[in-house]
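# A structural walkthrough
Residues per chain are reported as follows:
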Amino acid sequence: MIHGEKIPDSEMRKDLVELNGIWKSFNGVAVLRGVNLDLKSGEIHALLGGNGSGKSTLMKILSGIYRKNAGTIRISGEECNFLNPSQAHESGIYLVPQEPKIFPNLSIEENIIIGTSYTLGSKTEEIKKMGQQLGFSESLSRPAGILSIAGQQLLEILRGLLRNVKILILDEPTSTLTFREVESLFKQLRNLKNQGIGVFFISHRINEILEIADRVSVLRDGNFVLDKPVAQLNETTLINAMLPDDRISKKIEETSQKKIAEGLAPLLKIRNLTGEAFNGISFSVMPGEIVGLAGVVGAGRTELAEGIVGIDKNVTGEVIIGNESFSQRSPGRSRKKGIVYVPEDRAAHGIFLDLQNLYTTSSSILSEMGKLFISNKKERQLGEYFIKKLGIKTNGPKQISRTLSGGNQQKIVISRAMACNPKVIILDEPTRGVDAEAREDVYDIIKSLIDLDVGILLISSDLEEVIRLSDRILVMYRGEIIEELSKDESTIERVTSGAFGVAG
C-alpha cells in the first residue's frame, strides 16, 4: 500500500535512481549516447524532448522492457540489471505507458490486480479509495472494455498505485485526459511526493511540466542538454534547449519549390473537420503545393489524415475535392476521387512484406490489371516502371519486399500511391526509418510530384524536414491547428514553439 502518512524529512531527497553512461542502439543506430540521469525521493522529474529524442527508450530500459547496451542502473544505491518488467516491479518501478494495455473482457478490478498475488475482492476498498482520489468513479465490476481512452489511462495509473511503488514513470499521462482529470492526477502526484515516491514525468505539454515538476531534463539526439530546477526555467528556455545548436534563429535552407500559379482552385478543401482526436480543422491544398502538418506525437495529425480518407468514419465536417463535397468516405473511394494516403507504419499498413514487391505497387489499381484475371505482364511492367522511375534498389519486381532496405520499402509504398495518378497524396512520416541517402531520394520523389501539380499534405515529426519541404506549415497542438505559417515565417523556433503549445 503506497498511501500513508507523510514520510520524515530525513528520508526525502535521497537518491532513488541513478542512471550512468546509458547507451542504447537499434539496428546500429544510437538512440541513447551515454546519458546520465537521477531521481530523488519525493521528486517529480520531468523529461522533455522532441519525438525520437530517446525519452521513452530510456524509461523502458529503467522499467525492464529494453536492455541497455552499456552503462549502470542503481536503485537506492544498489546496482540492478533488469531482464524483464517483473524484476523492475520487484524493485518498486512501475511504468504507466502512453498507450493503455487492458483486457477488455475482464472486469476493471481484475485488470488492476492482474500480475499481483491479490485475489478478487481483497483490495476492492483500497482501489475504490484511490480511484476516488483520481476522479475515477466507474464500478470495478464492469468490464474494462467500456472505458474511454481516458478511463483506460486512469486504470493504468491505478495499477501502478496498487503496487508497492517507489518509482513511478508516467509516459504522456495527460494526453487523453480532460482538464478536470489532469487536476485530479496532479493532486494525486503531489500526495505521492509527500510520501517519498519519485516520479519521472514524460510530457510534451510545457505548461503542465512547469506546473507539476520539481526538475526538468531535456533530451536531444540521445543526450541530455539541460537539467535544472523548474524554478529556474520558463517556456522559452525549454523550447531553446530542444533546438539544434546551429539552428537557433536561422531558417533552414529550403528545397527549391515550384511557384504555385495564381488563380488556381484548391485540389482539396477541409472544412471544420472534427473527430475524437481533433477539432474544427479547416485548410486547403493547392495544385503543386506542399502543406506541412507539424506537431508532436498525440497532436492528432495521423487521426486527421485517417479522417480525411475515411479510415476513421466517426468524423463530422466537409472534405471537398475540387468543387465536390465528398461524403461516405473510405480508402477505396478516396483513391478513386484522387486522394491517396501513405501511412506512417508501412510494415503494418503500407506494404506486403512477404510478397513480391510488384504486388504492393499494383494493389491500388487491380481493376486496371485485367478484366477477369490479372495480367501478369501488365503487373510486371508496372513494377519495372516504378523501379526505374523511383530508383528502387532491387533485383527486380519479383523480389520479396521484406528483403529490401527500409528506404526501398518506403519507395515501394510510394509507388503504390503514385500508381493511382492521384490529385493529392497524404504522406505520413515519409522518411521514418530510412537512411540519409534514401531520405534524399524520397525528397526528390516529392519534388517530382509537385512538378506534376500533385498536392501534398506532409505529416512529419522531423521539424527540419517539414520546414525544408513545405510551402505552408500548419502547426497542430492537442487536436487543433494553432498556427499557419508561410515559408518566410517558418523558422525552427517558431514551429517548435507551436508544436509544444507556445504559439508565437
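Values in this document were obtained by computation on a predicted structure and should not be read as measured data. Residue positions are given per chain, counting from 1 as you read along its sequence in written order. Whole-chain, interface and lining totals are the exception, using all residues; otherwise, since this is a predicted model, local features are given only for residues with pLDDT of at least 70 and side-chain atom pairs are given and counted only at 80 or more. In computing side-chain properties, one takes all heavy atoms of the structure into account and sets aside hydrogens as well as water.

Turning our attention to the nonpolar core. L48, L168, L189, F201 and V216 are the most contacted members of the largest nonpolar core, which totals 60 residues. Only runs of H or I of at least four residues qualify as helices and only runs of E of at least two qualify as strands under DSSP, and these elements are numbered from the N terminus. A per-element tally of this core places helix α5 (residues 149-162) first, with seven residues. By nonpolar core is meant a set of buried Ala, Val, Leu, Ile, Met, Phe, Trp, Tyr and Cys residues that side-chain atoms within 4.5 Å join together. Categorising residues by exposure relies on relative accessible area from a 1.4 Å probe, with only protein chains included: less than 20% of the type maximum marks a residue as buried, more than 50% marks it as exposed, and the intermediate range marks it as partly exposed. Counting 32 residues, the second largest nonpolar core, distinct from the first, contains I351, L353, L382 and L404.

This brings us to the pairing of strand β19 (residues 472-477). With six of its six residues buried, β19 lies for the most part within the structure. Where burial is concerned, the two faces of β19 agree: the one with R472, L474 and M476 and the one with I473, V475 and Y477 are both buried. For two strands to pair, DSSP has to find at least two bridges joining them. As judged from the four bridges shared by strand β13 (residues 290-294) and β19, these two strands associate in the parallel manner. If you follow G292 over to β19, its bridge partner there is I473. If you look at the hairpin formed by β19 and strand β20 (residues 480-486), you'll find two residues sitting between the two strands, and R478 has a positive phi there, around 50°.

In this section: the sheet that holds strand β2 (residues 29-40). What the four strands build is an open sheet, ordered β2-β1-β4-β5; its pairing is antiparallel. Either end of the sheet is taken by a strand with one partner, and the two such strands are β2 and β5 (78-80). Between one strand axis and the next, the sheet turns by 25° as a mean value, whatever way the strands run. Pairs of residues are marked as contacts when any of their non-hydrogen atoms sit within 4.5 Å. Think of each axis as a best-fit line through the C-alpha atoms, taken over the contacting stretch in the case of a helix, with angles from 0 to 180 degrees between the N-to-C directions. The strands touched by helix α1 (residues 55-62) are β1 (15-26), β2 and β4 (70-75); relative to β1, the strand with the most contacts, the crossing angle is about 115°.

Next up on the list: unusual backbone geometry. If you check the backbone angles, N272 has positive phi at about 55° while not being a glycine. Looking at the element boundaries, N272 is found in strand β11 (residues 268-274). Backbone geometry places R478, a non-glycine residue, at a positive phi of 50°.

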